[in-house]
Amino acid sequence: MEREQSKNLPPVWLSVAVILISAFVIGFSVLKLGVDAHIPILIAAIISAVTGMLFLKKGWEDIQEGMLHGISLALLPIVILMMVGVVVGVWIQSGTVPALIYYGLNLLTPKIFLVASLLTCSIVSLATGSSWTTAGTVGIALMGIGSGLGVPAPLTAGVIVSGAYFGDKMSPLSDTTNLAPAVAGGELFDHIRAMCWTTIPTYIIVVIFYAIMGMKFQGQAVDAQTVETIRATLAQQFDINLITLIPPLIVILMAVKKAPAIPGLVLATLAGAIIAVVYQGASAADLINAAHYGYEASTGVEAVDKLLTRGGLDHMMWTISLIICALSFGGIMERCGYLESVLNAISKIINNVTGLVSTTIFASLFGNLFLGDQFLGIVVPGRMFKPAFDRLKLAPRMLSRTLEDCGTLTSPLIPWTACGGYMSAMLGVNAFAYAPYAVLNWLNPIMAIVLTFFGIGVFYRKD
């Protein structure tokens, strides 16, 4: 089967041309013209499809099937995104999000905020195995607390993403943590132990970095009056009590028990709706409008209104349309075999471990960039480079670890992936804005290459 696939792959020169042209169209449009990525990605998809039809003699039905298959990969995440928009709107109406911000502003200071946020998100994501659950619960609250403490939003978002994806990468409950060893032909806990060699040193550096950044904010005077105004306004507008914290606890508990995401979100929404009616005096119309259009705060305090005007089904449509565009493009790219063609050619000429690990990391990054989905960023490079890892007699956990070091961690740094779109929508910060501060996510792949170069944490097969 693999031989048949490789015979049907397009020539390398054509694949490189399509990838470079697509990269230019998207990169120039987003970075230079400053436009949203939707239409540039669709243009790149058209270029890929037309090239496949003209040079590879692909029929439109084949191209369309690839495109629809690409979209189908994200149908569940899209439904989850829609539900999360509903949840956030209802949670604000219920006083859940205001309560999290209220209590957080009382407990945290700028000096410890960054490290405390990192550790909190790491613990929640380890326990749940889900970066999405982490960002959609404690992440939203931490964004509000950070704003109240005067911490820039991109920095707060970067810390949240770092912590959320630490657990997404390391937890045995995570889907990517199970996917990577399955692709590489390894064992789950061998994979997790191997990841410790690259992830733990990176995490220590990240903690030190955020601690230093926190000291920088300690040198700035915190506007205590602003913080107190925010807390007083929240207390005036909502009935703040511990009962309002039940909905996020339900989501976390359901995630720990590995319950399906959608029933958990529905249950959390119902809990929030009941609390909104009982404690906040919300009407049925208030709840429906908050779920559909998001909560609109009108407290008269600009800082609070900015914190609480968010959520709703409609709020997610921009992100969902971006994901659909990206996965249509990715489905066409995969069906035509452009990326596989290049990776297949590269894998045959690599003869040392450092070169192989480095190339696999870059391949996972390109998979996220051009296929629009972190699962494809793991599966496609894993499938292509497995023979090369076998040829160098490397243990399967070397391949699975490398796939996660980049495939999992870089996905939220790209706005048009499902992960990047979700994090941007939840945290209210564009992925390109928080990416420099999501230190774990970009430092871990670099650490993996450096450690491999020095022969640290390199595992060979015993047979």
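Residues numbered from 1 in each chain as written. Predicted model: local features only at pLDDT ≥ 70, side-chain atom pairs only at ≥ 80, totals over all residues. Heavy atoms only, no water.

A. Representation of the pattern of salt bridges within the structure. Tallied over the full model, the rule gives nine salt bridges. The salt bridge partner of E228 is R231, with a shortest N-O separation of 3.9 Å. With a gap of three residues between them, E228 and R231 both fall in helix 12 (residues 224–237), about one helical turn apart. Here E228 falls in the partly exposed class, since its relative accessible area comes to 43%. Note that D390 is salt-bridged to R461, the shortest N-O span being 3.7 Å. Pair noted here: D390 is in helix 20 (residues 374–391) and R461 is in the segment after helix 24 (439–453), with a separation of 71 residues, a long-range link. When its relative accessible area of 33% is taken as the criterion, D390 is described as partly exposed. Judged by its relative accessible area of 27%, R461 falls in the partly exposed class. (Salt bridge = Lys/Arg side-chain N within 4 Å of Asp/Glu carboxyl O. Helix = DSSP H or I, 4+ residues; strand = E, 2+ residues; numbered from the N terminus. Buried < 20%, exposed > 50% of the residue type's maximum accessible area, 1.4 Å probe, protein only.)

B. Region of the structure containing the nonpolar core. Ranked by internal contacts, the top residues of the largest apolar core, which has 83 residues, are W132 and L308. Counting residues in each nonpolar core, the second largest holds 53 residues, with A37, A326, F329 and L399 among its members. (Core = buried A, V, L, I, M, F, W, Y, C linked by side-chain atoms within 4.5 Å.)

C. Region of the structure containing the packing of helix 10 (residues 175–184) against helix 21 (residues 396–408). For the pair helix 10 and helix 21, interaxial distance at closest approach is 8 Å and the crossing angle is 135 degrees. What the angle tells us is that helix 10 and helix 21 run oblique. Crossing of helix 10 over helix 21 shows right-handed handedness. The segment helix 10 lies against helix 21, with T176, T177, A180, P181, V183 and A184 engaging P396, L399, S400, L403, E404 and T408. (Axes fitted to C-alpha atoms, helices over the stretch in contact; angles between N-to-C directions. Parallel < 35°, antiparallel > 145°, perpendicular 65-115°, else oblique. Left-handed = near helix turned anticlockwise from the far one by under 90°. Contact = heavy atoms within 4.5 Å.)

Taken by themselves, the reported measurements are silent on function.
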